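Close look at the chain arrangement
Spelled out, the chains give:
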Amino acid sequence: MKALEISGISFSYHSPAEKLTSGGIEYALHNFSMSVEQGKIHALLGPNGAGKTTLMKIITGVLRGYSGEVFVLGNKMPDNTALTCIGCAPQAISLYMPLTALENLHFFGVMANLSDEQINERSDYVLAQTGLTDHAKKLVSTYSGGMQRRLNLAVALLHSPKLLLLDEPTVGVDPQSRHHIYETLKILNASGMTVLLSTHIMEEAARLCSSVTLLDRGEIIFDGLMSAIDNLERFFLEKTGRGLRDD
Amino acid sequence: MIKRQLKEIVKKEMLIMLRDKQTILLLFFMPLALIFFMTLAYKGVYADKIYEKQIPTVIENESKTPKANLLEQKIQSNKLIKRVELPPSFDKDRIFEQGKAQVLVIIPKGFEEGTKPVEIYFDPVFDTGYKVAVRSLMTSLTVEVVMSIENIDAVVASLITEKTKKDMDVPSPIQLAVPAYAIFAMFFIAIPMSIGFLKEKNNGTLQRLFTYSVSSNAIALGKIIPYYIINIIQFVLMLFVGVFIAPYILNTPFQTGTHVWHLIPITLVVAAATTGFGVLIATLAKTLEQTSTLAATGAILMGVLGGIMVPYFVMSHTMQKLAMISPIYWAHQSYLDVFLRNAELSTILPKLAILLFFALACFYIAGRRVKWM
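Definitions and limits used
Residues numbered from 1 in each chain as written. Chains lettered and ligands numbered in written order. Predicted model: local features only at pLDDT ≥ 70, side-chain atom pairs only at ≥ 80, totals over all residues. Heavy atoms only, no water. Helix = DSSP H or I, 4+ residues; strand = E, 2+ residues; numbered from the N terminus. Rg over C-alpha atoms; globule rule 2.2 N^0.38 Å. Buried < 20%, exposed > 50% of the residue type's maximum accessible area, 1.4 Å probe, protein only. Contact = heavy atoms within 4.5 Å. Areas by Shrake-Rupley, 256 points an atom, 1.4 Å probe, with all protein chains shown as cover. Lys, Arg positive; Asp, Glu negative; His and termini not counted. Charge placed at Lys NZ, Arg CZ, Asp CG, Glu CD. pLDDT = per-residue confidence, 0-100. Expected span 1.5 Å × (residues − 1). Salt bridge = Lys/Arg side-chain N within 4 Å of Asp/Glu carboxyl O.

The next subject is the overall build of chain A. Helix and strand counts for chain A stand at 9 helices and 10 strands. Expected size for 247 residues packed as a compact globule is a radius of gyration near 18 Å; at 18 Å, chain A falls within 12% of this value. Counting only C-alpha atoms and orienting by the principal axes, one finds that chain A spans roughly 55 × 40 × 35 Å. Looking at chain A as a whole, 53% of its 247 residues are labelled buried. For chain A, contacts bridging at least 24 residues in sequence account for 70% of all contacts bridging at least 6. When the accessible surface of chain A is split by element, carbon and sulfur atoms take 50% of a total near 10800 Å². Charge separation in chain A, taken as the distance between the mean sites of 21 positive and 26 negative side-chain charges, equals 2 Å.

Put into structure tokens, the structure is as follows:
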């Protein structure tokens, strides 16, 4: 059984009425298929507007109204049971700034239907994993960018997900925090967690991931092993072009 | 499971709200300050007697007859009048320019024979209420002097007497100010409510919530309940201050009326209307700037129309008709029904029905327009 299996997904942000009036459908994802083996770290690469974040939202059930199928650990999405197996750290720091780290963790723990005992136990663990134990009772608004990014990851790990979705998890953080996040991901992966990593940092993808999917304008342009690619950045530019993307 | 999630969302919203000092200032201190200052400002307007104010008056006695002198004496010794001396370059057409006098009384020769009337001139910006009071005073005193009546008030008192029903004395300004500014502040809940919603949309926390098995109904309810509770706390606090604190500081009594329990259904419905307004703004606004502008402008406009900024009885007939489109008018009148009119619930219910309709309309439109992402 694969951790993630996506087949023939098509999605457009335009409403049916807009599609009719515009005369054509502009897809965010078009006939998109990919899969991720269990226990792997898989890179999802693509220029801005390629459809990476849209794909993440579809996997987590945030976006509906697509055609095609998504399976998470054998469960067809959207499915509440499968949702409990997914941990998601969005690109934006999706935390409540006026709350402390512990209050944030407790809140998201309850949303994930963990008991209070589980929340306490897992909070201690994820705070230690992300190096935030000493700052657990501080308001998130007082955190540095790197600390907020690590807490963003800690929340995603709280309910022990089997599939971790990371949307640009190291954007805007210092090398120390970035290194800490990489080490944390390696430890988690070693314990059997599958990771889908969306990133613009080629070095990050090459260092952490064993397989890669490259997409552009909602369509897949490469899907294979990282070991098959000699220089990831050069490969990326060859496949997606060197022109600037303003969309 | 849903109950626990809902409880946690409510708790989170409460914590965020109570940790925001600006929100606390806006929701609690602003109305308290308004109640105190507006009560003081309107003390004279709402009172049944002109008091604590003496009107600077120039008295020009052109007659100098015994009766004219007696009238001059009676005018200047009245509590309402503060006699000011005639400016050196007296010009009755320009007497009010320097702001030292507001009334000019001229007692002409022959006034006692009825050949020439006593003349009264008013400062053009003089309050209408005071004008009526001065006019009435001058009439009484002139009649007393001309008809040689010792005290006309005593004569009139045997003919006409003013009565009020038990527990329905003349309202003090604070009785109007407390519900007025409590309602006004309750409508301002739209600002923190809509800002909170937009912030969660923008920073992705709402999206993150949807990656858990949480229903959108639980999220919506979790965001509405805390603000509804805060609205009720706002009113209770304002009422507490109005009944137990302000009367001692402002030396102004506060009567709650004989049907004080009617405040419960009224406050529950008013809080639904104000929360509904907040939800509507949250779904209409697209940016943080828009939320503040829409919420503040909406609340102030409804306040102006509804008789909060300008007292309802001062409004023109057209404005009084227009007031009825403001939910604040219906909310304020419902409270005044309890505090001043001792009205039965059956009298208040139609007003509550209008407020409830407003609340449901807001929630319905918001429900149709809401975009969680």
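What follows continues from the structure just given.
On to the environment of phenylalanine 240 of chain B. Residue and element names in this part refer to chain B. Inspection of the secondary structure puts phenylalanine 240 in helix H10 (residues 216-250). Given a relative accessible area of 43%, phenylalanine 240 falls into the partly exposed group. Between the alpha carbons of phenylalanine 240 and proline 66 there is a distance of 57 Å; along the sequence they are 174 residues apart.

Moving on to the confidence of the model for chain A. Summarising the model, chain A shows a mean pLDDT of 88, and 93% of its residues fall at 70 or more. Here helix H1 (residues 16-22) of chain A is the element of chain A with the lowest mean pLDDT, 56, and helix H4 (residues 101-111) of chain A is the one with the highest, 96.

This paragraph deals with H10 of chain B. An ideal rise of 1.5 Å per residue puts 51 Å on 35 residues; H10 of chain B measures up with 48 Å between its terminal C-alpha atoms. Asparagine 251 of chain B sits one or two positions beyond H10 of chain B and adopts a positive phi of about 55°.

Here we take up the pattern of salt bridges. Residue and element names in this part refer to chain A. This model, assessed by the stated rule, comprises 15 salt bridges over all chains. Note that glutamate 69 and lysine 76 form a salt bridge whose closest N and O atoms lie 3.5 Å from each other. Taking relative accessible area as the criterion, glutamate 69 reaches 32% and is therefore assigned partly exposed. On the basis of relative accessible area, lysine 76 is assigned to the partly exposed category, the value being 46%. One salt bridge in this structure joins lysine 186 and glutamate 183, with 3.8 Å as the shortest N-O distance. Of this pair, lysine 186 and glutamate 183 both sit in helix H7 (residues 175-190), separated by 3 residues, roughly a single helical turn.

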